[in-house]
Amino acid sequence: MSCLQLNKVSKPQGEVELNLGNLRRLREDYTTLRNEFQVPWNELPVDNEYYQTININDDHDITEGVSKKIELSRLRVQHDPLSLDDNTEHGNTITDLQTLETLITDVNRLFPEMPEYFINSLENRKRLIRILFNWWKLTGHSYSQGLHELVGLIFIVFQKECATTESFETVSFTKLENQVIELLDENFLEHDTFNVFNVLIGPVIEKYYKETSLLQETVKFDLRLFETDKFQYHLFKNKLKLDSTIWLIRYFRLLLIREIGVDNSVQLWDKLICFGYIQDHTKIDMTLLLPYLIILLLSMIKSRLIISDYGEALFLLLHYPIEHEGTSKPIGGLSLGASLMRFTFGDDSTKLDSPKNSKVDGGSYALSKKKSTRDFDRTRLEMKLAKKVNDAMKK
Amino acid sequence: MSNNRKKTILKVIILGDSGVGKTSLMQQFINGKFSQQYKATIGADFLPKDLTIDDKQVTMQIWDTAGQERFQSLGVAFYRGSDCCVLVYDVTNTKSFENVQSWRDEFLIQANIKDPDNFPFVVIGNKIDVEENKRLISSKKAQALCANLGNLPYFETSAKEAVNVEQAFDVVARNALQQEESLEFSDDYTDAVNIHVDGDNYGSCGC
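Per chain, residue numbering runs from 1 following the sequence as it is written. Just so you know, chain letters begin at A and ligand numbers begin at 1, following the order they were written in. Thresholds applied to this predicted model are a pLDDT of at least 70 for local features of residues and 80 or more for the giving and counting of side-chain atom pairs; totals over whole chains, interfaces and linings are not thresholded and use all residues. In computing side-chain values, all of the structure's heavy atoms are included and hydrogens and water are not.

Colleague: Explain the pattern of salt bridges to me, please; I cannot follow it from the model alone.
Modeller: As a working rule, side chains carrying opposite charge can pair if their charged atoms are close by. All names here are of chain A. Put simply, a salt bridge is a Lys or Arg side-chain nitrogen that is within 4 Å of an Asp or Glu carboxyl oxygen. In the structure shown here, the tally under the stated rule is 27 salt bridges over all chains. In this structure, aspartate 377 engages lysine 239 in a salt bridge whose closest nitrogen and oxygen atoms are separated by 3.7 Å. Within this pair, whereas aspartate 377 is found in helix 17 (residues 373–394), its partner lysine 239 is found in helix 8 (residues 230–239), the two being separated by 138 residues in sequence. Three or more residues joined by partner-sharing salt bridges are found here, namely Arg34, Glu123, Arg127, Arg130 and Glu190. Counting from the N terminus, the helices are the DSSP runs of H or I reaching at least four residues and the strands are the DSSP runs of E reaching at least two.

Dropping the structure here:
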């Protein structure tokens, strides 16, 4: 992780400079990687919008290098018997073309709510595909749906901050200003997105993109839910008989992007990265707080979950109400972003199953820790009956 | 046996390769709308729809699954309790057609279906709105596959132009209901008989 640090160097004269050495090296590394592993655009059908021929230098003279030393280059082993990676589909090795086609299918429908970034920009889609293709080549992890949204979010953040160096060519700047321009150079948008993605994604892949680990994380989540809010746990497990894996898979794999939206996610990621860095600066783990954030999200729709049957509850979980109510409209009087932040970084008076917070969704449900699940069941029954009466009155 | 007042719930699962239009079909059927840009499904999505089939009120729970995902241990969670399985392919994508059978086999294994030969599947060839020269799978070829897989009902649809979607899901709903009722019957038939062995009654007749 230290490779991404941009240490400020304070000069004796009081000047401040950025240490861009690491960044430059990472950018060079990505350039090398990109040259080594060419995306097989040329293998696509000619009428495909992504099709392009491979750049071959036709002027190259084959006799030219005979007397010269041959420069060695790396080649990826296609069938490594010692490899532990999971690059197989039904026992067959996934080809470059298959991966490219999968990436195209997903990137073509990335963030339709913000079409300017990908859907209307073939160039950006190509950049994102190159990033994911090279990441697959470098790490050997198979590409899984969901990774395209994570890398897409990083790309959007960097693109928003990009600087076009050409527009500054005629202006003279201080050294620091020039360094900032170099840092934000649009020509390295793809490089920087790749490097940040590569650094941040490790723990996410390990925990949520491998089936066995995902199941383990789900079990851990259930235990945390039990410890934090035994009534919610009782509701899910004993009353609704909900298998957490069904809805948690998306919450986990996309780090809540679908549930809280892109804008909220950007703010949240800042905090998650900071928290991960504080815990262990050698390996940033953005997932440390995720289970608790999900428990908070559940508490915000608790009163609705209580009166739901299995189908209604699952629908609510898979269509978290933020999308319908808009990111600017608060849920139960609290803005979602503010609630998550307050819960995570500061106000430790927030107790998920306290009467105060159980009313967060505008419901009237309140139970203290002292009460039993039997009391909970009775309250739930009363609330369900009240809902039925309300529905009947409306008709 | 279920109470008559209790609403029948039919679980329908949609399987098929990524990008064949599973989400579009579900949205077209449930909400009557189509969008060019549905996001990739992660894990699964779920939409309910209330229907009346021959005067019987049912709620159809349609489960849309991620096309890229080949679940191993997770499959059980998604497939368990299904009453019908819809296998979707894209008529312009040969690979998606070739994978129909593997999706079916995988479902039968993961869902732990007791009577695989009689479990209801419906095959849908989607995207028939495309130009004829882009179509790679003919109706004849698809029908041959369905015949081979046990005379599975086959529909060609366009989620984009709402062609045949209602008709396909009507058959899906009817087959799911039939399956649900047959399971209900077999559950009744196999209900354990309560044998009272309490000391007070044991050995005495009820006369």
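So much for the structure itself; the text now carries on.
Colleague: Sorry, what's going on with the packing of helix 6 (residues 189–208) of chain A against helix 7 (residues 211–228) of chain A here?
Modeller: In a packed pair of helices, the relevant descriptors are the angle between the two axes and the axis-to-axis distance. Residues and elements named next belong to chain A. Lines fitted to C-alpha atoms define the axes here, with helix axes fitted over just the stretch in contact, and angles between the N-to-C directions of these axes take values from 0 to 180 degrees. The geometry of helix 6 relative to helix 7 is characterised by a closest axis approach of 5 Å and an angle of 85 degrees between their N-to-C directions. By the angle between their directions, the pair helix 6 and helix 7 is classed as roughly perpendicular. Across the interface between the two elements, Glu206, Lys207 and Tyr208 of helix 6 pack against Ser213, Leu214 and Glu217 of helix 7. For classification purposes, an angle smaller than 35 degrees is called roughly parallel, one larger than 145 roughly antiparallel, one from 65 to 115 roughly perpendicular, and anything else oblique. By definition, residues are in contact when any of their heavy atoms lie within 4.5 Å.

Colleague: Before we go on, may I ask you to explain the nonpolar core in this structure?
Modeller: If you look at soluble globular proteins, the nonpolar side chains tend to sit buried side by side. Among the buried residues, those of types Ala, Val, Leu, Ile, Met, Phe, Trp, Tyr and Cys that are joined through side-chain atoms within 4.5 Å form a nonpolar core. Partly exposed describes any residue whose relative accessible area lies between the buried limit of under 20% and the exposed limit of over 50%, with all areas from a 1.4 Å probe on protein chains only and scaled to the type maximum. A:Leu147, A:Leu150, A:Phe236, A:Trp247 and B:Phe107 are the most contacted members of the largest nonpolar core, which totals 119 residues. Note that the domain bounds were set by an automatic or database domain assignment. Counting the residues that make up this core, at least three belong to each of domain 1 (7–53 + 62–205) and domain 2 (211–352) of chain A. A:Leu147 has contacts with A:Leu132, A:Trp135, A:Ser142, A:Phe197, A:Ile201, A:Ile205 and A:Tyr209, leaving out every residue within four places of it along the chain. Core analysis: the next-biggest nonpolar cluster, separate from the first, contains 28 residues, B:Leu10, B:Leu51, B:Ile53 and B:Val172 among them.

Colleague: How should I be thinking about the packing of aromatic side chains in this particular structure?
Modeller: The geometry of an aromatic ring pair is captured by the separation of the ring centres together with the interplanar angle, meaning the angle of the planes. All names here are of chain B. Only Phe, Tyr and Trp rings take part, Trp by its six-membered ring, and two of them pair if their centres are within 6.5 Å. Stacked means planes under 30 degrees apart, edge-to-face means over 60, and tilted covers everything else. Inspection of the entire model under this criterion finds 21 aromatic pairs over all chains. Here tyrosine 89 and tyrosine 154 contribute two aromatic rings whose centre-to-centre distance is 6.4 Å and whose plane-to-plane angle is 10 degrees, an arrangement assigned as stacked. Within this pair, whereas tyrosine 89 is found in strand 4 (residues 84–90), its partner tyrosine 154 is found in strand 6 (residues 154–156), the two being separated by 65 residues in sequence. Like tyrosine 154, tyrosine 89 is buried.

In short, shape yes, function no, at least from these values alone.
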